[in-house]
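# Coordinates in review
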Amino acid sequence: MGYVSVSQTETLNTAKNLIYKNPTAAIDLVANYLDQDNYLSAKAYSITGKAYEVQGLYTTAYGAYAKGINTLYGADTLDYYLEYAIFNNMAMIAFESNQYNMSSNLYGKAAEAAERYVKHDAGVAAYYNEQYLPNKMKFYQANAMYDAGDLDGALDIYLELDKQFKTEVKDVNTYALLRNEYGLNAKAVKKLNDAEYYFNSIINMDKVSGYYKQSAMHNLALVKMEMGDTLQALRCFNEAINLPGQGIVDKQRFISMMDKGELLLDMNKNKEAVHALHEALALGVDIKHDLRLINIYYLLERASKKLNLDKSDGYGDIYQGMIASHIKRQGEIISQEKARVFHMALNEAKYNEKIEALKRSYSYRLFFNIVLFVAIAIVITYLGVWCNIKLKIRRTITR
């Protein structure tokens with residue numbers, strides 16, 4: 001692990017705590033650590049990237065993460081958790097920018113780093129309940145592959161993950177993720193009863209976090225819509241919006257409110273639809289980076305026209321403007337990734353050499369321990385035999 005002084009560690013920790021409270025202050029606090037091409041610099045870039053991300057500056061955040069991982073790979077250190085965290089954050093930005101092939105590749109790298117972290121820092125991973133990070137990364141990698149059109153590749157990963165649940169479910173969250181995915185796939189091929197079964201299995205399962213239960217309840221509402229049971233669909237949307245429990249984020253509630261608003265529109269309950277859509281916007285969720293969320297302005301434009309309003313508050317213009325910005329941001333992120341891959345090739349090769357060297361040192365250590373164990377066993381056996389012979393000789397003499 002690279003050297004970071006006590007005062008530098010304190011500064012990094014202070015900056016981390018400021019990311020969500022005052023992201024600009026967090027960036028300023030670690031600014032002097034950037035561009036030093038060492039382990040400290042890599043950690044500072046990671047904090048800077050997250051602070052930009054919190055502010056909705058996703059292209060700038062992606063650039064900071066790219067510099068962070070490149071710096072980490074070039075530094076004289078191995079930090080598997082930091083490697084995982086940076087790749088995970090980059091993958092999420094790529095996915096939400098609808099760059100699914102890029103996201104799949106990045107999630108794959110995050111999964112590899114997470115496996116190394118869990119293997120070499122088992123105690124730390126267990127303490128923070130992070131033993132299952134590789135499962136989570138592989139699942140999201142499969143999701144990105146699925147959305148990129150690689151259905152066979154995604155299915156292979158889903159089935160490989162599912163093998164661990166044949167006898168016992170230890171990783172309940174990955175189990176819930178898979179059941180949710182199976183439900184969505186069943187819904188896509190119109191096997192609505194199967195989809196309903198999978199979503200209910202998550203909702204009724206103990207120890208699953210509110211995050212996954214909320215997603216399952218939302219998806220159950222979508223199934224009820226396809227079944228034509230609009231009243232049950234509304235009930236499920238309302239439960240998803242108001243579901244108590246830890247882990248539920250405003251973005252999830254936003255999506256449920258938006259889809260509820262669309263259902264109300266289709267039911268010609270236009271005033272109620274507008275109310276639901278405005279409630280969603282009132283959550284203050286940053287939606288400009290995600291095409292699925294931008295759709296709310298299209299729905300508000302529809303609702304305004306159905307209500308024959310002379311003024312629609314420019315929802316259509318807002319929608320078109322956000323679409324244009326989204327397309328521009330996609331191009332910027334693709335350019336950032338191409339630059340990262342180009343500049344990182346040499347450092348990545350060196351980093352992999354360090355990993356292989358560490359593996360060899362573990363192998364040598366294991367071999368030495370085995371040889372030492374065998375030698376000790378031989379000596380103990382020899383001494384035991386010798387003592388036994390001496391004892392027999394004594395008995396013979398005393399007789």
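Residues numbered from 1 in each chain as written. Predicted model: local features only at pLDDT ≥ 70, side-chain atom pairs only at ≥ 80, totals over all residues. Heavy atoms only, no water.

Within the protein one finds 17 helices and 0 strands. Within the protein, contacts between residues separated by at least 24 positions form 60% of all contacts whose residues are at least 6 apart in sequence. Accessible surface, the protein as shown: approximately 21600 Å² in total, 55% of it carbon and sulfur. (Helix = DSSP H or I, 4+ residues; strand = E, 2+ residues; numbered from the N terminus. Contact = heavy atoms within 4.5 Å. Areas by Shrake-Rupley, 256 points an atom, 1.4 Å probe, with all protein chains shown as cover.)

Before going further, it helps to examine the packing of aromatic side chains. As enumerated under the stated definition, the model contains 13 aromatic pairs in all. With 5.1 Å between their ring centres and 80 degrees between their planes, Tyr211 and Tyr212 make a pair best called edge-to-face. The exposure class assigned to Tyr211 is partly exposed, which follows from its relative accessible area of 30%. Sitting above the plane of the Tyr175 ring, Arg179 keeps its charged end 4.1 Å from the centroid. (Phe/Tyr/Trp six-rings, centres within 6.5 Å; stacked < 30°, edge-to-face > 60°. Buried < 20%, exposed > 50% of the residue type's maximum accessible area, 1.4 Å probe, protein only. Lys NZ or Arg CZ within 6 Å of the ring centre and 35° of its normal.)

Tyr84, Met90, Leu106 and Ile296 are the most contacted members of the largest nonpolar core, which totals 107 residues. With 10 residues, the top contributor of residues to this core is helix H5 (residues 80–96). (Core = buried A, V, L, I, M, F, W, Y, C linked by side-chain atoms within 4.5 Å.)

Below, the discussion takes up the environment of Ala339. Structurally, the position occupied by Ala339 is in helix H17 (residues 315–398). We classify Ala339 as partly exposed; its relative accessible area is 32%.

The subject of this paragraph is the pattern of salt bridges. One pass over the full model with this rule turns up 11 salt bridges. One salt bridge in this structure joins Glu196 and Lys224, with 2.7 Å as the shortest N-O distance. Of this pair, Glu196 sits in helix H11 (residues 192–203) while Lys224 sits in helix H12 (residues 210–227); the two residues are 28 residues apart in sequence, bridging distant segments of the chain. Judged on exposure class, the residue Glu196 and its partner Lys224 are both buried. Linked through salt bridges whose partners overlap, the residues forming this network are Lys187, Lys190 and Glu226. (Salt bridge = Lys/Arg side-chain N within 4 Å of Asp/Glu carboxyl O.)

This brings us to a nonpolar patch on the surface. A grouping of Val124, Tyr127 and Tyr128 is seen on the molecular surface, where their side chains present a nonpolar patch of about 390 Å² in accessible area. Position of Tyr128 relative to the elements: it lies in the loop between helix H7 (122–127) and helix H8 (133–148). According to the relative accessible area criterion, Tyr128 is exposed, its value standing at 54%. (Patch = residues over 30% accessible without salt bridge, like charges linked within 9 Å, V, L, I, M, F, W, Y side chains within 5 Å.)

Residues with a pLDDT of 70 or more make up 82% of the protein, whose mean pLDDT is 84. Per-element mean pLDDT across the protein ranges from 63 in H17 up to 96 in helix H2 (residues 23–30). Confidence drops under a pLDDT of 50 for residues 391–399, and excluding neighbours within four residues, the segment shows 0 contacts in the predicted structure. (pLDDT = per-residue confidence, 0-100.)

On to unusual backbone geometry, then. At Asp35, a residue that is not glycine, the phi angle is positive and equals roughly 60 degrees. Positioned with a positive phi, Asn98 is a non-glycine residue whose angle comes to about 65 degrees. Note on placement: Asn98 falls in the loop between H5 and helix H6 (100–120). Taking relative accessible area as the criterion, Asn98 reaches 18% and is therefore assigned buried.

Let's shift gears to the packing of H2 against helix H3 (residues 39–54). Relative orientation of the contacting elements H2 and H3 amounts to 160 degrees, with a least axis distance of 9 Å. By the angle between their directions, the pair H2 and H3 is classed as roughly antiparallel. In terms of crossing hand, the pair formed by H2 and H3 is left-handed. Contacts from Pro23, Ala26, Ile27 and Val30 in H2 reach Ala44, Ile47, Thr48, Ala51, Tyr52 and Val54 in H3. (Axes fitted to C-alpha atoms, helices over the stretch in contact; angles between N-to-C directions. Parallel < 35°, antiparallel > 145°, perpendicular 65-115°, else oblique. Left-handed = near helix turned anticlockwise from the far one by under 90°.)

This part takes up helix H15 (residues 270–282). The end-to-end C-alpha separation of H15 is 18 Å, in line with the 18 Å expected for 13 residues at 1.5 Å each. Those residues of H15 that are buried are in contact with helix H14 (250–266) and helix H16 (291–306). Gly284, located one to two residues past H15, shows a positive phi value of around 75 degrees. (Expected span 1.5 Å × (residues − 1).)

Residue position: Gln141 is located in helix H8. Gln141 sits in the buried class, given a relative accessible area of 19%.

Taking 1.5 Å per residue, 12 residues should reach 16 Å; H11 reaches 16 Å between its end C-alpha atoms and fits that length. Within H11, the full set of buried residues consists of Leu192, Ala195, Glu196, Phe199, Ile202 and Ile203. Down the axis of H11, the buried set is contained in an arc of 125 degrees. They therefore lie on one face. Along H11, exposed side chains directed more than 90 degrees from the buried face belong to Asn193 and Tyr197. Buried residues along H11 sit against helix H10 (172–188) and H12. (Arc of directions from axis to C-beta.)

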